[in-house]
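Working through the structure, step by step
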Amino acid sequence: MDYKNAGVDIEAGYKSVELMKKHVQQTMRPEVLTGLGGFSGAFSMEKFKNMEKPTLVSGTDGVGTKLKLAFLLDKHDTIGIDCVAMCVNDIACAGGEPLFFLDYIACGKNFPEKIATIVSGVAEGCMQSSAALIGGETAEMPGFYPEDEYDLAGFAVGVVDEKDIITGKEVKAGDILIGMASSGVHSNGFSLVRKIFSMDAETLNTYHEELGKTLGEALLAPTKIYVKALRSVKEAGVRIKACSHITGGGFYENVPRMLPEGKRAVIEKDSYEVPAIFRMMAREGKVEEQMMYNTYNMGIGMVLAVDPADADKTVQAIQSAGETAHVIGKVEEGEKGVTLC
């Protein structure tokens, strides 16, 4: 009896590392001081000494049950983008610049090519956010996960000068709310998605005219990463007063998190077109509108609050970074929360 007979293939682990190296290397930044394969990753803070009060910000998250669709469709090259996005978007919400990312993959059996494909998506997400993939872990856990399944989670660290942290404290009545378009469902609410639609290859591979793609392609579309768009707004000289990443809990849970007491967000639902995937989900699942807005991003992945004088400049900066922006509402006096009208 040996470790391999027990279900853990150490040589497969070595092969996974070799196959993923080319992807990891693409994410390197000058501050990275260590290579892949060490016990830890080292990152120099030398470049940030010119900040008045450099402050570290961090985020951690996983992909959740969206992974089930990747298993069914045997498509693993974009799910890593979701993992990175869920972490770095939260950092960017605080005004932070992502520095580095670490991933954790736990699997029932280490298939090196599959692991490398997953990591290629993680690397792509890191490149989109200018973060270095500085390390990670692949854990082969036979008997804990089925052989063809895995879990994926990650952790990111960023930096921001203390004076530039976005807190929401400066929000006042009359401030304008700008929404950045999502790519679809992103990485939240898939437990409900999997109740609405039959989770089989035939259903997921069916083309729908209203979507312009198959259902599986629409649902697996990777989460938007908003780091560059938010950086563009900052470089345009706009002070973002508040920022909310629309994740699990939709508008009703996430928008109030960016507001101070005594301020209420008023969002006009017809200020942008809700993507077809959400209309299909509501129709096929008979999901009430309030529940849709309380679960999903409904086409808006990030909400910013800015001074009215900065609204046009903010939209232009976001669009110059390649994202779509809409003026979706404003801030009013009132009980902390959000009104959708």
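See the structure shown above.
Residues numbered from 1 in each chain as written. Predicted model: local features only at pLDDT ≥ 70, side-chain atom pairs only at ≥ 80, totals over all residues. Heavy atoms only, no water.

To find the voids left in a structure, one rolls a probe of water-molecule size over its atoms. If you add up the space inside the second largest pocket, you get close to 370 Å³. Lining of the second largest pocket is provided by 17 residues; of these, Gly95, Gly96, Val160, Asp164 and Lys234 occupy positions nearest its centre. Those elements giving two or more residues to the lining of the second largest pocket turn out to be strand S4 (150-161) and helix H8 (227-235). In terms of residue count, the dominant contributor to the lining of the second largest pocket is H8 (four residues). Each residue belonging to the lining of the second largest pocket can be placed in one class, and the counts come to nine nonpolar, two polar and six charged. (1 Å grid on protein atoms, 1.4 Å probe; cavity = no way out; pocket = protein on both sides within 12 Å on 5 of 7 lines; lining within 4 Å. Points joined across faces, edges and corners; volume = space filled by probe spheres on them. Helix = DSSP H or I, 4+ residues; strand = E, 2+ residues; numbered from the N terminus. Nonpolar A, V, L, I, M, F, W, Y, C, P; charged D, E, K, R; others polar.)

Grouped together as the largest cluster of nonpolar side chains are 93 residues, with contacts concentrated most on Leu219, Phe251 and Met281. Counting residues per element, this core draws most heavily on helix H3 (residues 79-93), which supplies ten residues. With residues near it in sequence (within four places) discarded, Met281 still touches Val185, Val193, Ile196, Phe197, Lys286, Val287, Met292 and Tyr296. (Core = buried A, V, L, I, M, F, W, Y, C linked by side-chain atoms within 4.5 Å. Buried < 20%, exposed > 50% of the residue type's maximum accessible area, 1.4 Å probe, protein only. Contact = heavy atoms within 4.5 Å.)

Let us look at helix H12 (residues 311-320). Taken together, the buried positions of H12 are occupied by Ala311, Thr314, Val315, Ala317 and Ile318. Looking down the long axis of H12, one finds its buried residues gathered within 165 degrees of arc, a one-sided arrangement. Away from the buried face of H12 by more than 90 degrees, exposed residues Asp312, Gln316 and Ser320 are located. Buried-residue contacts for H12 involve strand S5 (176-181), H8, strand S10 (300-306) and strand S11 (325-333). (Arc of directions from axis to C-beta.)

Our focus in this paragraph is the pattern of salt bridges. Evaluated as defined, the whole model comprises 25 salt bridges. The partner of Lys163 in a salt bridge is Asp164, with the nearest N and O atoms 3.9 Å apart. Two residues, Lys330 and Glu332, come together in a salt bridge whose shortest N-O distance is 4.0 Å. If you follow the salt bridges from partner to partner, you end up with Glu52, Asp161, Lys163, Asp164 and Lys234 in one network. (Salt bridge = Lys/Arg side-chain N within 4 Å of Asp/Glu carboxyl O.)

Picture the strands of a sheet paired through backbone hydrogen bonds; they go either parallel or antiparallel. Judged by pairing direction, the sheet is mixed, and its four strands sit side by side in the order S1-S4-S2-S3 without closing on themselves. In the strand order of this sheet, the two ends are held by strand S1 (54-62) and strand S3 (132-140), each with one partner. Between one strand and the next, the sheet's axes are offset by a mean angle of 15 degrees, whatever the strand orientation. Along the sheet, H3 contacts S1, strand S2 (97-107) and S4; its crossing angle with S4, the most-contacted strand, is approximately 30 degrees. (Pairing = 2+ DSSP bridges. Axes fitted to C-alpha atoms, helices over the stretch in contact; angles between N-to-C directions.)

Phi at Ser130 is positive, roughly 60 degrees, even though this residue is not glycine. Its place among the elements puts Ser130 in the loop between helix H4 (112-129) and S3. Judged by its relative accessible area of 27%, Ser130 falls in the partly exposed class. In this structure, Lys286 is a non-glycine residue whose phi angle is positive, near 50 degrees. Relative to the assigned elements, Lys286 resides in the loop between helix H10 (276-285) and helix H11 (289-293). Judged by relative accessible area, Lys286 falls into the exposed class, the value being 74%.

Here we take up the state of the cysteines. Inspection of every chain in the model, using the stated rule, returns zero disulfides. Of all cysteine sulfurs, the one in Cys83 lies closest to Cys87, which takes part in no disulfide; the gap is 5.3 Å. (Disulfide = S-S within 2.5 Å.)

Let us now look at the packing of aromatic side chains. Here a ring pair, both rings aromatic, is described through the centre-centre distance and the interplanar angle of the planes. For the structure shown, the criterion picks out five aromatic pairs. Centroid distance Phe71 to Tyr150: 4.9 Å. Interplanar angle 75 degrees. Geometry classified as edge-to-face. Of the two residues, Phe71 sits in helix H2 (residues 67-73) while Tyr150 sits in strand S4, which places them 79 residues apart along the sequence. As far as burial versus exposure is concerned, Phe71 and Tyr150 are alike and both buried. Aromatic side chains Phe144 and Tyr145 sit 5.2 Å apart centroid to centroid with 65 degrees between the ring planes, which places their arrangement in the edge-to-face category. You can call Phe144 exposed: its relative accessible area is 60%. (Phe/Tyr/Trp six-rings, centres within 6.5 Å; stacked < 30°, edge-to-face > 60°.)

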